[in-house]
Amino acid sequence: MTLTESKQHIALVTGASRGIGRAIALALGKAGHTVVGTATTEKGAENITQMLQEAGIQGEGRMMNVTSQAEIDTVFDAVQTQFGAPDILINNAGVTRDNIMLRMKDEEWDTVIDTNLNGVYRVTRACIKSMVKNRWGRIITISSVGGLIGNPGQANYTATKAAVIAFSKSLAREIGIRGVTVNIVAPGFIETDMTAAVSGDHRDYFSKQIALGRFGKPEEIAAAVLFLTSDHAAYITGETLHVNGGLYMA
Ligand code: NAP
């Protein structure tokens, strides 16, 4: 059996200015898709535009904070006008505000819930109408191994990363019949700004728990995302793809 590669699509990647989102934007662009990547600042958006241009990828950077429905609506309308409605959505934007529960502040809890969970809800809701209408779509949300096994000091973060898995399963059951797949990629420890603070002894400790003995690279998450967007993954929905080097085996 042979499978043809996906035709070209319009991909919206949240949080494409750095780390995993940046690698995903480049991977989707190199696969021939038009890519709109977002950042929380104009400067970040300009850098994304420049990065895409240098890589010969059609698309642009846009400023969009996933905590703002107004900014999401503005970006969606602009993308629709300029390139067409996004039919690949990568919910990648995320933040941490680590603290043990005894010291957790409302601001730390609320920021993480509003970005990592409510943000996924807002952006997904904005994008699914046209996907359903066109009877094709791919939605991939970046969870975390922490959402499966927990992590001390991250009750807020891991709660959101578990929640997006259930969210995706429910949505997969709602819109699968319309040709839209909804999946999760759950990374382990990946070398980005988010894990830059994990230093020395902690890094050695965590690396010893990983079967492959090292932190992952953003490109290794992007490869999994690219697969799930492709025709090779046409019959996969509601699934969580664990990309953690064997830190956790589901
Ligand atoms: P990162 O290097 O810290 O980058 C975070 C990205 O999210 C940036 O592009 C940032 O934009 C954007 N962002 C932050 N807050 C936002 C908001 N309110 N609205 C829109 N965009 C926002 O993080 P990363 O390590 O690449 O992580 C990417 C995703 O993978 C996150 O969902 C994270 O939880 C998940 N993840 C990461 C790891 C890891 O080990 N790194 C492991 C498991 C899961 P600005 O540049 O404008 O701030």
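The subject of this paragraph is helix H3 (residues 69-82). With 14 residues, H3 ought to run about 20 Å at 1.5 Å a step, and its terminal C-alpha atoms sit 20 Å apart, in line with that. Those residues of H3 lying buried are Ile72, Val75, Phe76, Ala78 and Val79. Seen from one end, H3 has its buried residues packed into an arc of 170°, which puts them on one side. Along H3, exposed side chains directed more than 90 degrees from the buried face belong to Ala70, Thr74 and Thr81. Contacts from the buried residues of H3 go to strand E1 (10-13), strand E2 (34-39), strand E3 (59-63) and helix H4 (106-134). Directly after H3, the chain includes Gly84, whose backbone phi takes a positive value near 115°.

Attention shifts here to empty space enclosed by the protein. Inspection of the entire model under this criterion finds one cavity of 30 Å³ or more. In this structure, the largest cavity spans a volume of roughly 30 Å³. Forming the boundary of the largest cavity are Thr14, Val66, Asn91, Asn92, Ala93, Thr115, Gly119, Val120 and Val123. It is H4 that contributes the most residues to the lining of the largest cavity, four residues altogether.

What follows concerns the pattern of salt bridges. Within the structure shown, the criterion is met by five salt bridges. We note a salt bridge from Arg62 to Glu60, for which the minimum N-O separation is 2.7 Å. Between Arg122 and Asp114 there is a salt bridge, with its nearest N and O atoms 2.7 Å apart. Residue classification places Asp114 among the partly exposed positions, given a relative accessible area of 22%.

Inspection of the region around the ligand gives 29 residues, with Ser17, Thr40, Asn92, Tyr157 and Thr192 positioned closest. Within the side chain of Asn65, one N or O atom sits 2.8 Å away from a nitrogen atom of the ligand. Take Asn92: an N or O atom from its main chain is 2.7 Å from an oxygen atom of the ligand. For the ligand, whose accessible area on its own is 900 Å², the fraction buried by protein is 92%. Those elements giving two or more residues to the shell around the ligand turn out to be helix H1 (19-30) and helix H6 (155-175).

What counts and how
- Residues numbered from 1 in each chain as written.
- Predicted model: local features only at pLDDT ≥ 70, side-chain atom pairs only at ≥ 80, totals over all residues.
- Heavy atoms only, no water.
- Helix = DSSP H or I, 4+ residues; strand = E, 2+ residues; numbered from the N terminus.
- Expected span 1.5 Å × (residues − 1).
- Buried < 20%, exposed > 50% of the residue type's maximum accessible area, 1.4 Å probe, protein only.
- Arc of directions from axis to C-beta.
- Contact = heavy atoms within 4.5 Å.
- 1 Å grid on protein atoms, 1.4 Å probe; cavity = no way out; pocket = protein on both sides within 12 Å on 5 of 7 lines; lining within 4 Å.
- Points joined across faces, edges and corners; volume = space filled by probe spheres on them.
- Salt bridge = Lys/Arg side-chain N within 4 Å of Asp/Glu carboxyl O.
- Near = heavy atom within 4 Å.
- Polar contact = N/O pair within 3.5 Å; in protein donor to acceptor, adjacent residues only side chain to side chain.
- Areas by Shrake-Rupley, 256 points an atom, 1.4 Å probe, with all protein chains shown as cover.

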